Amino acid sequence: MGLSSVEAIDAKEMDYRSLSSSEHQQPPYMHKVGVPPKQNLFDEFKTTVKETLFSDDPLRPFKDQPRSRKFILGLQAVFPILDWGKSYNVSKFRGDVIAGLTIASLCIPQDIGYAKLANLAPQYGLYSSFVPPLVYAFMGSSRDIAIGPVAVVSLLLGSLLSSEIDPTTNPIEYRRLAFTATFFAGITQVTLGILRLGFLIDFLSHAAIVGFMGGAAITIALQQLKGFLGIKKFTKETDIISVMKSVCRSAQHGWNWPTILIGAIFLTLLLFAKYAGKKNKKLFWIPAIAPLFSVILSTFLVYITHAEKQGVEIVRHIEKGINPPSVKEIYFTGDYLLKGLRIGIVAGMIALTEAVAIGRSFAAKKDYQLDGNKEMVALGTMNVVGSMTSCYVTTGSFSRSAVNYMAGCQTAVSNIVMSIVVVLTLLFITPLFEYTPNAILSAIIISAVIGLVDYEATILIWKIDKFDFVACMGAFFGVVFASVEIGLIIAVSISFAKILLQVTRPRTALLGKIPRTNVYRNIQQYPEATRVPGVLIVRVDSAIYFSNSNYMRERILRWLTDEDEQLESINQPKIQFLIVDMSPVTDIDTSGIHAFEELHRSLHKREVQLVLSNPGRVVIDKLHASDFMSQIGEDKIFLTVGDAVLTCSAKSPAEVV
């Protein structure tokens, strides 16, 4: 009985071994590359347009809704305040009032200074913090952005406008051109939002923006030396060499020491307040109210000491009253129409880039979504309305938005509170600014723009990407040593150059097998990866278009030539199979397919077989539509590199066609 049990066990083991042996001899299962169902031209075009312009599916909330509900949703889409206003309460209002009062104390002195930066009268800065924030509060989707004039856009606008019209000799025409540029800046922003072309602003890289902002901050600070030192005759150029020459030439007789004393004392006070706010987040209100406190104190000191008689330049007169209409001042015809359009497009794009970047930053901190296209429509509308109410280009201010966030703002109502404070200032308080020294405005602007020089981001850019660092420094030095326009052109040019370089010169890599796995990876990243005898595996890390197809073909052939020379030097057989891993290849055009046909012919002359691995849906569809599949054969296309290597390694050299 026991013997029969042992025999039965031995028989089972023999059957198992024979079964395992037979399974081992069978070829492994290889799944074929799937060919997607043919999509008609209309469906393909519709899908492309949807993914390009409507990737966020903005019409989803309207699906299966009654007509009345769709109308309400449409109003809420245009005016988000109708949506979040339903849940507004006293607690949120308390936070918004505190935040609004805090940013108002910061914006009033800044607005006066930024208006001078744009070569406009001080009241136009205050006008620009009244109407645009009100419009944005109803149409904007950000809870944290504080709207108003900003230093970089003010400098850019002042520089571009003054190159067309002298603000001193022709102040009225200069002001009209400023309103015209603001109008077209708004039209540009609204158009980008309605056509859902917001992705265009992403072509200006982060590195270029960091460099441009840093250079603009240096330029703005240098421009303030006129008011800080009390210089009367000052260069109109913005580059550092011209400014420093002007400062040095006026050193003996042009500097005013009482002005320097006022500027130095209050600049030190402002920088100390900013340092205190950074060290202790609970003291955020100190740097927020410091500018207004400095203006009040310096104005009082000048008034009681009559320092203006000692050569201290003062603001003198700020026109009282709210924004007068300016529709009739906008150039809709004539030579200045095109000039206003050109300046407006540039200023509008820069303003849009800054606002969207700020909005996204604070939205990420509070974990809510920001609709970029809605933001563009809101920002554009407020600038269009602003141009008709004596305002110049406004956008989201980083310094004010940071204060708004730290002050506990809950919604865009904080902008409404700020606007009310500004309009009360215009109606009742502007005469009190008559004795405000220009030196304190210069000190406020200098302290505000110092934060735009982000040296930590520059160091990080250097560590991560050297080409990005070149873009950053190119924009920075272009602004500092040439002009704002040149710096902007350099920033855009280098950003586009990087895109073109990446498109025309895609990365390729040689792959090897990771030990004890069936995974194939870049041999430079994994030096322990082993090469397969007689097989060269190349991966193309980009879509293949007309712009890079020739480079791709030539680069693969160079890989093959180098590998053959290396094998020949050690008396090893040459490469018999070239496997191209197409996993990263997202698309291919006719030029790309033509390049593969030429590659196939070149390899055929060298007696090397071309094999493809894992082409994507779009790529395999186009390969089937062309004649290329019949040239290399469908049996030369595999799902994985491992399948391709296993098949190629099993073939003898005689089987290579």
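No experiment lies behind these values; they were computed from the predicted model shown. (Residues numbered from 1 in each chain as written. Predicted model: local features only at pLDDT ≥ 70, side-chain atom pairs only at ≥ 80, totals over all residues. Heavy atoms only, no water.)

Turning our eyes to something else, we now look at the overall build of the protein chain. Broken down by element type, the protein chain carries 27 helices and eight strands. Computed over C-alpha atoms, the radius of gyration of the protein chain comes to 33 Å, more than 25% over the 26 Å expected from 2.2 N^0.38 for 657 residues, which places it beyond the range of a compact globule. Burial status across the protein chain gives 49% buried among its 657 residues. Taking all contacts inside the protein chain whose residues are at least 6 apart in sequence as the whole, residues at least 24 apart take part in 80%. For the protein chain, the exposed surface amounts to about 33100 Å²; the carbon and sulfur share of it is 62%. For the protein chain, the separation between the mean place of its 62 positive charges and that of its 56 negative charges on side chains is 9 Å. (Helix = DSSP H or I, 4+ residues; strand = E, 2+ residues; numbered from the N terminus. Rg over C-alpha atoms; globule rule 2.2 N^0.38 Å. Buried < 20%, exposed > 50% of the residue type's maximum accessible area, 1.4 Å probe, protein only. Contact = heavy atoms within 4.5 Å. Areas by Shrake-Rupley, 256 points an atom, 1.4 Å probe, with all protein chains shown as cover. Lys, Arg positive; Asp, Glu negative; His and termini not counted. Charge placed at Lys NZ, Arg CZ, Asp CG, Glu CD.)

One open sheet holds the six strands; their spatial order is β4-β3-β5-β6-β7-β8, and the pairing between them is mixed. The open sheet terminates on both sides in strands that have one partner only, identified here as β4 (520-522) and β8 (637-638). With five bridges joining them, strand β6 (residues 577-581) and strand β7 (residues 609-613) adopt parallel strand pairing. Pairing of V580 across the sheet is with L612, part of β7. The sheet contacts of helix α23 (residues 549-569) involve β3 (508-513), β5 (535-540) and β6, and relative to β5 the element is tilted by about 150°. (Pairing = 2+ DSSP bridges. Axes fitted to C-alpha atoms, helices over the stretch in contact; angles between N-to-C directions.)

The next subject is the side chain of N415. Turning to its location among the elements, N415 is positioned in helix α18 (residues 413-429). Separated by 2.8 Å, the side chain of N415 and the backbone oxygen of I145 make a polar contact. Sequence-distant contacts of N415, defined by excluding residues within four places in its chain, comprise P133, Y136, I145, A146 and I147. (Polar contact = N/O pair within 3.5 Å; in protein donor to acceptor, adjacent residues only side chain to side chain.)

Attention now moves to the pattern of salt bridges. Oppositely charged side chains are able to pair whenever their charged atoms sit close together. Within the structure shown, the criterion is met by 14 salt bridges. For K498, the salt bridge goes to D468, with nearest N and O atoms at 2.6 Å. Linking K498 in helix α22 (residues 484-504) with D468 in helix α21 (residues 466-481), this pair joins segments that are 30 residues apart in sequence. Each member of the pair, K498 as well as D468, carries the same accessibility label: buried. (Salt bridge = Lys/Arg side-chain N within 4 Å of Asp/Glu carboxyl O.)

Before going further, it helps to spend a moment on a nonpolar patch on the surface. Together, F71, I72, L75, V78, F79, L82 and F138 give the surface a local cluster of nonpolar side chains, amounting to about 610 Å² of exposed area. Within the secondary structure, L82 is located in helix α4 (residues 81-84). (Patch = residues over 30% accessible without salt bridge, like charges linked within 9 Å, V, L, I, M, F, W, Y side chains within 5 Å.)

Our next topic: unusual backbone geometry. Notably, N119 is not glycine yet its phi reads approximately 60°, a positive angle. Along the polypeptide, N119 turns up in the loop between α5 (90-117) and α6 (122-127). A positive phi is found at N571, a non-glycine position, where the angle reads about 55°. The topology assignment puts N571 in the loop between α23 and β6.

Looking now at the packing of aromatic side chains. The full count for this structure, using the stated rule, is 14 aromatic pairs. Plain terms: the ring middles of F183 and F184 are 5.2 Å apart, the flat faces sit at 80° to each other, and that makes the pair edge-to-face. According to the relative accessible area criterion, F184 is buried, its value standing at 13%. Ring plane angle 75° and centroid distance 5.1 Å describe the contact between Y303 and Y435, whose orientation is recorded as edge-to-face. Placement of the pair is Y303 in helix α14 (residues 285-305) and Y435 in the loop between α18 and α19 (438-449), with a sequence separation of 132 residues. Take Y303: its relative accessible area is 46%, and that puts it in the partly exposed class. The exposure class assigned to Y435 is partly exposed, which follows from its relative accessible area of 23%. (Phe/Tyr/Trp six-rings, centres within 6.5 Å; stacked < 30°, edge-to-face > 60°.)

The positions UniProt marks with the feature "domain: STAS" (unreviewed entry) are residues 525-648. Taken end to end, residues 525-648 comprises 48% helix and 15% strand; its first and last C-alpha atoms sit 25 Å apart. (UniProt positions renumbered as here; feature names shortened; annotations may be inferred.)

Attention now goes to the environment of A482. With respect to the helices and strands, A482 occurs in the loop between α21 and α22. By relative accessible area, which is 31% here, A482 ends up partly exposed. Between the alpha carbons of A482 and E237 there is a distance of 8.9 Å; along the sequence they are 245 residues apart. Contact partners of A482, with chain neighbours within four places excluded, come to T238, D239 and F477.

Moving on to the environment of P132. Here P132 is to be found in helix α7 (residues 131-139). Taking relative accessible area as the criterion, P132 reaches 1% and is therefore assigned buried. Note: C-alpha distance between P132 and P258 (126 residues apart in sequence) is 37 Å. Setting aside anything within four residues of it in sequence, one finds P132 in contact with Y127, I147, M382, C391 and T394.

Our focus in this paragraph is the pairing of β5. Burial runs high along β5: six of the six residues are buried. Here β5 shows no split at all, with V535, I537 and R539 on one side and L536, V538 and V540 on the other all buried. Relative to β5, β3 runs antiparallel, the two sharing three bridges. Bridge pairing in β5 places L510 opposite V538. The pairing of β5 with β6 spans five bridges and is classified as parallel. Across the sheet, residue I537 finds its bridge partner in β6, namely I579. The parallel pair β5 and β6, bridged by α23, forms a crossover whose chirality is right-handed. (Right-handed = clockwise from strand over helix to strand, strands pointing away.)

Once that is clear, we can look at helix α15 (residues 335-366). For α15, which comprises 32 residues, the first-to-last C-alpha distance of 47 Å matches the rise-based estimate of 46 Å (1.5 Å per residue) to within 8%. In the segment just after α15, D367 is the residue with positive phi, at about 60°. (Expected span 1.5 Å × (residues − 1).)

A rise of 1.5 Å per residue sets the reference length of helix α16 (residues 372-387), with its 16 residues, at 22 Å; its end C-alpha atoms lie 22 Å apart and thus fit the reference within 8%. Within α16, the full set of buried residues consists of G372, N373, E375, M376, A378, L379, G380, M382, N383, V384, G386 and S387. Considering only its buried residues, α16 is in contact with α7, β1 (146-148), α9 (171-194), α15 and β2 (395-397). Of the residues flanking the start of α16, the one acting as N-cap is D371, its side-chain oxygen 3.1 Å from the backbone nitrogen of N373.

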